[in-house]
Amino acid sequence: MYTHKARVLAALRGELVDRLPFVPRLDLWYLANATSATLPKQHAGRAMNEIARAEGWALHHRFCDNQLDPAFQPQYLHRGINVFYSRDTVFDVVLPKDVEVKVQRAGARTRVEYHTPLGMVSAATHYDVDSQRHGITIPALVEHLIKTPEDYAPAGYLFEHMDVVPSFERFKRWSSEEMREDGVPIAIGSFDASPFHFIQRDLSNPTQFFIHYKDHHARMRGLAERIAPVLDKQLRILSESPAEVVWWGANFDDMLTYPPYFAQEIQPWIRKAADLLGAAGKLVLCHTDGENRGLMDLIRDSGMHVAESFCPAPMTKVTLAEYYRRLSPKLTLFGGIPSTLVLPGTSEADFEAYMDELFRAVAPGRRIVLGVADEVPPQVVFSRLQRIAERVEREGRLPLRAGAFRPAPAASAAAKPSAAAATSHDQFELVRKDVFRGKHVDIKAHVKELLDRGVRASDILEQGLIAAITVVGDRMAAGEAFIPEVLLAARAMTVAVGLLEPHLAASGERQRGKILIGTVTGDMHDIGKNLVVTMLRGVGFEVRDLGVNVARDKFYQEVAEFKPDVLGLSALLTTTMMEMKAIIQGLEEHSMHGRCKVMVGGAPVSAQFASQIGADGYAQNAVEAVKLAQRLTAARAAVAP
């Protein structure tokens, strides 16, 4: 008779156990609903682990705490340099003695300055009751440590002179007193799998990172070299710790941690971690939540033992069957149930159909631990978690009977350049090449040359810039170009549009419409939104960007003041996507929805979800967002009095 711990640990090691383990990660859901007093009636007043035990579910690691409690705030003070403590960390970080730390707190915002002999760097975080109600697990970064090239030297000093020391007692208490035999205690090593990933994920603004990676690569590599010894020390301590499973690296995505970058800057460190920790008898678990189609072979061959929180279709492009077929021969999969599946927007019929397919897709059931990817969302239909557990108990006995895999969807054909873009030796060829290659300096001279020759600014915009960025966007949609390339192309386009602006304004040819855009409250992600903003401005829209974590009332106020043709709402988290519905309902209540169209986008969002919440359209990527904005503004213009 297996205990939960024994069953899950055996499955993670690749053994065929008695039945599929089911391990729903509840901490985000619990934090949000306990804060809002909306726990299911039968579980009101219970602690998180008590709820899991009452339902008979295995315990996942509990990462987050009530950060509104002042007792926990010091543990997250240095979140801006990726230093924080929870029950599952096994080391402490010691800052250099000659670095003065100054802390400024103002409401929900905490700013920390690090005064080093080479200069000062600072970071700021935000966390409030709304964050907790949305289930946000750690303070959001609102000011990153690396802002300009001058920040690399003091940041390098800070990391080069810090130390890492063992601290096993937290983990031991948590393991023996809280988890016991009801789950596998996972030690948090690092959310960042490598030094470059550290800079990308925690020290830089996501959009700015890719610009610096190209423009200031030598300085960034110098900082990475100073971070490397810190990660090496962490790995040595983890290898000596009492943990049997170690979390190393999080949030891999084939657009952000795109394949060539992943292969060069991330995969070698995962292999290093797997070799060192594997030799000590430990399993390396990577939090692979994201779009992984372009990374499948790299993940498979990285050496990681467990791909945790893997998220299949319909939230991503990879089916559950393809994940299992391609990865399970070499590593264990942990997750597999998209969080949208347990949200109200998915019908009961679709939920049951997915569960029917699940038991066929993962036959015979070796190397699979079921969980909700990324986590159980705050708005979950709780009965569906219970239903998953019931079906696993009834139908998840191993080995599962083999069933036919669904064929993987055919890769989209390579996007073909438009006729204009494909024509060689035409007057717009150099401008298009500048966009393709992200040549933001060279494009100035080429645009000026065309203007000096009397070429109309609108033709340069349409046949040169827009034609080129459309090809780039189509290549991104086909998986042939990645966000860094698109960002650099968009930067070049923005520079060119800046030169064309006076000519377009003088001719009156550039009046496409007004767009108001922002990331909804509780969500601090902005890289996708920023790309959309850049491209919308590039093709001639007047755009007002409200930034991230935008409150509902702010949207209403700006709609009334700015009078946009289109309101764009962005969300990257399943925990915040329902805020879109609330905003649209609020527009109706304020009699504002008729004043503008609403388009939505973001990783967890779909066309079906957009329709369900009353949005006027959904865009899968930045290029589609531009096309959608053009259609929506044209529709409004057609009915305008």
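Residues numbered from 1 in each chain as written. Predicted model: local features only at pLDDT ≥ 70, side-chain atom pairs only at ≥ 80, totals over all residues. Heavy atoms only, no water.

A.B. asks: How do you make sense of the sheet that holds strand β5 (residues 140-143) when you look at a structure like this?
C.D. replies: The strands making up a sheet associate through hydrogen bonds between their backbones, and the pairing can be parallel or antiparallel. Spatial ordering of the open sheet is given by β2-β3-β4-β5, a layout of four strands whose pairing is antiparallel. Edge positions in the sheet fall to β2 (100-106) and β5, since each of these pairs with one other strand and no more. When the angles between neighbouring strand axes are averaged without regard to direction, this sheet yields 25°. Most of the contacts of helix α5 (residues 152-160) go to strand β4 (residues 119-126), to which it runs at about 80°, and overall it touches β3 (109-116) and β4. (Pairing = 2+ DSSP bridges. Helix = DSSP H or I, 4+ residues; strand = E, 2+ residues; numbered from the N terminus. Axes fitted to C-alpha atoms, helices over the stretch in contact; angles between N-to-C directions. Contact = heavy atoms within 4.5 Å.)

A.B. asks: Is there a simple way to explain the sheet that holds strand β9 (residues 283-287) in this structure?
C.D. replies: Strand order in the open sheet made by the six strands is β7-β8-β9-β10-β11-β12, with parallel pairing throughout. Strands at the two margins of the open sheet, each flanked by one partner only, are β7 (186-190) and β12 (368-373). With direction set aside, neighbouring strand axes in the sheet form an average angle of 30°.

A.B. asks: What am I meant to see in the environment of Gln608 here?
C.D. replies: Looking at the secondary structure, you find Gln608 in helix α23 (residues 607-613). As a C-alpha pair, Gln608 and Thr346 span 262 residues in sequence and 9.1 Å in three-dimensional space. Leave out the neighbours within four places in its chain, and Gln608 touches Gly345 and Asp350.

A.B. asks: Explain unusual backbone geometry here, please?
C.D. replies: A negative phi holds for most residues other than glycine; trans holds for most peptide bonds. The omega torsion of the bond from Ala363 to Pro364 falls at 10°, within 30 degrees of zero and hence cis. Among the secondary structure elements, Pro364 is positioned in the loop between α13 (348-361) and β12. With an omega dihedral of 0°, the bond running from Leu398 to Pro399 counts as a cis peptide bond. Within the element layout of this structure, Pro399 appears in the loop between α14 (382-395) and α15 (419-422). The backbone phi angle of Asn82 is positive, close to 60°, even though this residue is not glycine. Its place among the elements puts Asn82 in the loop between α3 (48-55) and β1 (91-94). For Asn82, a relative accessible area of 14% corresponds to the buried category. (Buried < 20%, exposed > 50% of the residue type's maximum accessible area, 1.4 Å probe, protein only.)

A.B. asks: Sorry, what's going on with helix α6 (residues 169-179) here?
C.D. replies: In an α-helix, one turn spans 3.6 residues; hence positions three or four apart end up facing the same way. Phe171, Trp174, Ser175 and Met179 are the residues of α6 that are buried. Down the axis, α6 shows its buried residues gathered within 95° of arc, on one side only. Check the buried side of α6 and you find it contacts α3 and β7. Arg180 occupies a position one or two residues after α6 and carries a positive phi of about 50°. (Arc of directions from axis to C-beta.)

A.B. asks: For this particular structure, what's the right way to read the packing of helix α7 (residues 195-203) against helix α9 (residues 217-240)?
C.D. replies: Between two packed helices, what matters for the description is the angle formed by their axes and the separation of those axes. Between α7 and α9, whose axes approach to 8 Å, the crossing angle comes to 105°. Taken together, the axis directions place α7 and α9 in an arrangement best described as roughly perpendicular. Between α7 and α9, the residues in contact are Pro195, Phe196, Phe198, Ile199 and Leu203 and His217, Met220, Arg221, Leu223, Ala224, Ile227, Ala228 and Leu231, respectively. (Parallel < 35°, antiparallel > 145°, perpendicular 65-115°, else oblique.)

A.B. asks: How should the packing of aromatic side chains be read in this particular structure?
C.D. replies: Aromatic ring pairs are described here by two measures, namely the spacing of the ring centres and the angle between the planes. Within the structure shown, the criterion is met by 18 aromatic pairs. Summarising the aromatic geometry, the rings of Phe209 and Phe210 are spaced 5.3 Å apart at their centres and angled 75° between planes, so their arrangement reads as edge-to-face. We classify Phe209 as buried; its relative accessible area is 0%. Phe210 sits in the buried class, given a relative accessible area of 4%. When the ring of Phe209 is compared with that of Tyr261, the centres are 5.9 Å apart and the planes differ by 75°; the resulting orientation is edge-to-face. A residue pair is termed long-range when its members are at least 10 positions apart, and Phe209 in helix α8 (residues 206-215) and Tyr261 in helix α10 (residues 259-279) qualify at 52 residues. (Phe/Tyr/Trp six-rings, centres within 6.5 Å; stacked < 30°, edge-to-face > 60°.)

A.B. asks: Explanation requested: the nonpolar core in the structure shown.
C.D. replies: Within soluble globular proteins, side chains that are nonpolar generally end up buried alongside one another. Counting residues in hydrophobic clusters, the biggest one holds 162 residues, and the most contacted among them are Leu20, Leu358 and Leu465. Looking at which element gives the most residues to this core, the answer is helix α19 (residues 483-507), with 11 residues. Not counting the four nearest positions on each side in its chain, Leu465 is found in contact with Val431, Val435, Ile443, Ile460, Met493, Ala496, Val497 and Leu500. In this structure, Ile584, Met592, Phe609 and Ile613 belong to the second largest nonpolar core, which totals 26 residues. (Core = buried A, V, L, I, M, F, W, Y, C linked by side-chain atoms within 4.5 Å.)

A.B. asks: When you look at the packing of α9 against α10 in this model, what are you seeing that I'm missing?
C.D. replies: Put simply, α9 and α10 touch, their axes get as near as 11 Å, and they point 15° apart. Classified by the angle their axes make, α9 and α10 are roughly parallel. As for how α9 packs across α10, the hand of that crossing is right-handed. From α9, His217, Arg221, Ala228, Leu231, Asp232, Leu235, Arg236, Leu238 and Ser239 reach across to α10, where they touch Gln264, Glu265, Trp269, Lys272, Ala273, Leu276 and Leu277. When grouped by side-chain class, the residues that make up the contact of α9 with α10 number eight nonpolar, three polar and five charged. (Left-handed = near helix turned anticlockwise from the far one by under 90°. Nonpolar A, V, L, I, M, F, W, Y, C, P; charged D, E, K, R; others polar.)

A.B. asks: Please explain the pattern of salt bridges as it appears in this structure.
C.D. replies: Once the charged atoms of two side chains with opposite charge are near each other, the side chains can pair. Counted according to the given criterion, the structure contains 48 salt bridges. In this structure, Lys5 engages Glu244 in a salt bridge whose closest nitrogen and oxygen atoms are separated by 3.9 Å. With a gap of 239 residues between them, Lys5 in helix α1 (residues 4-12) and Glu244 in the loop between α9 and β8 (245-250) connect regions that are remote in the sequence. Its relative accessible area of 28% is what places Glu244 among the partly exposed residues. For Asp545, the salt bridge goes to Lys529, with nearest N and O atoms at 2.9 Å. Residue Asp545 is found in strand β14 (residues 542-545), and its partner Lys529 is found in helix α20 (residues 527-538); the two are separated by 16 residues along the sequence. Overall, the relative accessible area of 30% leaves Asp545 in the partly exposed class. (Salt bridge = Lys/Arg side-chain N within 4 Å of Asp/Glu carboxyl O.)

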